[in-house]
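Summary of the model geometry
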Amino acid sequence: MNICIVGTGYVGLVSAACLAEMGNHVWCVDVNPEVVETLKQGRIHIFEPGLEDMVKRNFEDERLFFTTSLEEGIAKAKFVFITVGTPCGSDGKCDLQYVDSVARDIGRTMIDPKIIVDKSTVPVGTADRVRSIIVEELDKRGLYIDFDVASNPEFLKEGDAVNDFMKPDRVVVGTESEQTRKEFANLYAPFARSREKLIFMGTRSAEMTKYAANCMLATKISFINEISGICEKVGADVREVRLGIGSDHRIGYYFIYPGVGYGGSCFPKDVKALINTAKDVGAVPELVQAVDSVNDRQKKVLANKVREYFAPQGGVEGKTLALWGLSFKANTDDMRESSALSTISELTAEGMKIKAFDPVAHENAREILRDNDLVEIVQGQYDVLPDANALAVVTDWNQFRNPDFERIHDYLKAPVIFDGRNLYDPAYLGENGFAYFSVGRQPVTNGKK
């Protein structure tokens, strides 16, 4: 099939590369000429494991094309996927200005029937909104062109997005058109060879499904984080509690790892967007509001532990914290809503210096934190340690899971670790002279130098 993808962020570029991998011809449209030129040179502007090789291979094999021209992109396309950003506005509502702009340009440009697909995460009713905008533009041109607007939400995890697209759990398609269903069935057939994975439903139900799925996962994260706080106060160990509840197949182990809150481009934005959608129609989303509140609180938990530890020593002002991990999760360079940013903001506001390392997100971090004179981003994992008063682990990169503890002990001014991801064994660190603070477990305070 001939396909056009408008927008080359995570969703757009992964979708384009994976669809091209299955033999389709895919035109990627982006308004940024620098991004387009970079892609033509075989380099990608985001970090996603496995994606760059796939993009380069399909571009060289002439199945994947890049352009700044929407007219060129949609000329032969049967499907036009809208994959532009839908950021959260200052009021918490989903900002649809980029979706609206693409819809308007499609209406000004299309000359034959298309299936327009909302793949960006958008509020319920956006497909109708896109349809109205396109019709309005066609009317201005005095044209009637048959088209459909469908919803095909993405369920990609950053850091494993290529695998998620190539081997999906399910593919949700919202449309009221039987012909559109048949076209989608053909498009996604190569991704569902072992079993039927397509779930067809109404357009608004598909739009709602994406929000409901992300909010359910966010709920599990906030739930276990709330439990972890209670565990610390009653003397329980959240690791053991997690095993106890996760063994129930109705609950499961996924997304019940305690930590420093969720971040990224999806959960924070989608939770807030669903809250606003509910309020707009007169509903009271009490549970989803609580999920959001717990997460905001949890993002400060590591900074609070650091603050409490140093309070008897005159506070954090003038002290230095070594910090491992800046991206919101491992295997991505995405800094959006990162818990590390919350930790850094809280502590530098009180005069603490931060020496930070991340194996991939360091350049993005430098740009975001360039105006904070108390933050230094270094190149080496262990370069953050000399002269630091403690180490904080914020992102669970694999290289942080089994570090050289003897080296950490020797380099730090005092052997103190604040672990926001529960990567280490408290008993082991206690035996090796560390003070150790984690999430939902009792602290080890016998660290000595």
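It should be noted that the structure appears before, not after, this text.
Residues numbered from 1 in each chain as written. Predicted model: local features only at pLDDT ≥ 70, side-chain atom pairs only at ≥ 80, totals over all residues. Heavy atoms only, no water.

1. Considerations on the overall build of the protein
Summing up its helical and strand segments, the protein has 17 helices and 14 strands in all. For 449 residues, the compact-globule estimate of 2.2 N^0.38 gives 22 Å, and the C-alpha radius of gyration of the protein, at 24 Å, lies within 12% of that figure. Partitioning the contacts of the protein with sequence separation of at least 6, the portion at a separation of at least 24 is 72%. Carbon and sulfur atoms make up 49% of the accessible area of the protein, which totals about 20,000 Å². In the protein, which carries 53 positive and 66 negative side-chain charges, the distance between the mean positions of the two groups comes to 3 Å. (Helix = DSSP H or I, 4+ residues; strand = E, 2+ residues; numbered from the N terminus. Rg over C-alpha atoms; globule rule 2.2 N^0.38 Å. Contact = heavy atoms within 4.5 Å. Areas by Shrake-Rupley, 256 points an atom, 1.4 Å probe, with all protein chains shown as cover. Lys, Arg positive; Asp, Glu negative; His and termini not counted. Charge placed at Lys NZ, Arg CZ, Asp CG, Glu CD.)

2. Quick word on empty space enclosed by the protein
Applying the stated criterion across every chain yields a total of one cavity of 30 Å³ or more. Estimated volume of the largest cavity: approximately 40 Å³. A breakdown of the residues in the lining of the largest cavity according to their chemical character gives two nonpolar, three polar and three charged. (1 Å grid on protein atoms, 1.4 Å probe; cavity = no way out; pocket = protein on both sides within 12 Å on 5 of 7 lines; lining within 4 Å. Points joined across faces, edges and corners; volume = space filled by probe spheres on them. Nonpolar A, V, L, I, M, F, W, Y, C, P; charged D, E, K, R; others polar.)

3. As for the environment of Val 80
Mapped onto the secondary structure, Val 80 falls in strand β4 (residues 79-82). Since its relative accessible area comes to 1%, Val 80 is described here as buried. Separated by 53 residues in sequence, Val 80 and Ile 133 place their C-alpha atoms 15 Å apart. Filtering out sequence-adjacent residues up to four positions away, Val 80 remains in contact with Cys 4, Val 6, Ile 74, Ile 106, Lys 114, Ile 115, Ile 116 and Val 117. (Buried < 20%, exposed > 50% of the residue type's maximum accessible area, 1.4 Å probe, protein only.)

4. Focus: the layout of surface pockets
Put simply, the second largest pocket is a space of about 1,200 Å³. Around the second largest pocket, the lining comprises 43 residues; the ones closest to its centre are Thr 83, Val 84, Gly 85, Thr 86 and Arg 336. Where the lining of the second largest pocket is concerned, the elements lending two or more residues are α1 (10-21), α5 (97-109) and α11 (267-280). The element that contributes the greatest number of residues to the lining of the second largest pocket is α5, accounting for five residues. In terms of residue class, the lining of the second largest pocket is built from 17 nonpolar, 15 polar and eleven charged.

5. As for the sheet that holds strand β14 (residues 435-437)
Taken in spatial order, the six strands line up as β11-β10-β9-β12-β13-β14 in an open sheet, and their pairing is parallel. The strands lining the two open edges of the sheet, one partner per strand, are β11 (375-377) and β14. In this sheet, adjacent strand axes meet at a mean angle of 20 degrees when their direction is disregarded. Contacting β9 (320-324), β12 (390-393), β13 (416-419) and β14, helix α13 (residues 301-310) crosses the sheet at an angle of about 155 degrees to β13. The strands touched by helix α14 (residues 339-348) within the sheet are β9, β10 (353-357) and β11, with β9 carrying the most contacts at an inclination of about 175 degrees. (Pairing = 2+ DSSP bridges. Axes fitted to C-alpha atoms, helices over the stretch in contact; angles between N-to-C directions.)

6. A short note on helix α3 (residues 51-60)
Those residues of α3 not exposed but buried are Leu 51, Met 54, Val 55 and Asn 58. One side of α3 carries all its buried residues, which in axial view fall inside an arc of 100 degrees. Exposed side chains of α3 directed beyond 90 degrees from the buried face belong to Asp 53 and Glu 60. Looking at the residues trailing α3, positive phi occurs at Glu 62, about 60 degrees. (Arc of directions from axis to C-beta.)

7. Some thoughts on the packing of aromatic side chains
Counted by the stated rule, this structure contains 21 aromatic pairs. Ring centres of Phe 79 and Phe 81 lie 5.9 Å apart, and the angle between their planes is 25 degrees; this geometry places the pair in the stacked category. Residues Phe 79 and Phe 81 agree in their burial class; the two are buried. In this structure an aromatic cluster arises from ring pairing among Phe 79, Phe 81, Phe 165, Phe 184, Tyr 188 and Phe 191. Arg 170 extends its terminal NZ or CZ atom over the ring of Phe 155, reaching a point 3.7 Å from the ring centre. (Phe/Tyr/Trp six-rings, centres within 6.5 Å; stacked < 30°, edge-to-face > 60°. Lys NZ or Arg CZ within 6 Å of the ring centre and 35° of its normal.)

8. Let's talk about the environment of Val 284
Turning to its location among the elements, Val 284 is positioned in the loop between α11 and α12 (286-298). Relative accessible area serves as the criterion here: at 62%, Val 284 is assigned to the exposed category. Distance from Val 284 to Cys 28, taken between C-alpha atoms, is 40 Å for residues 256 residues apart in sequence.

Geometric descriptors of this kind do not, in isolation, establish any biological role.
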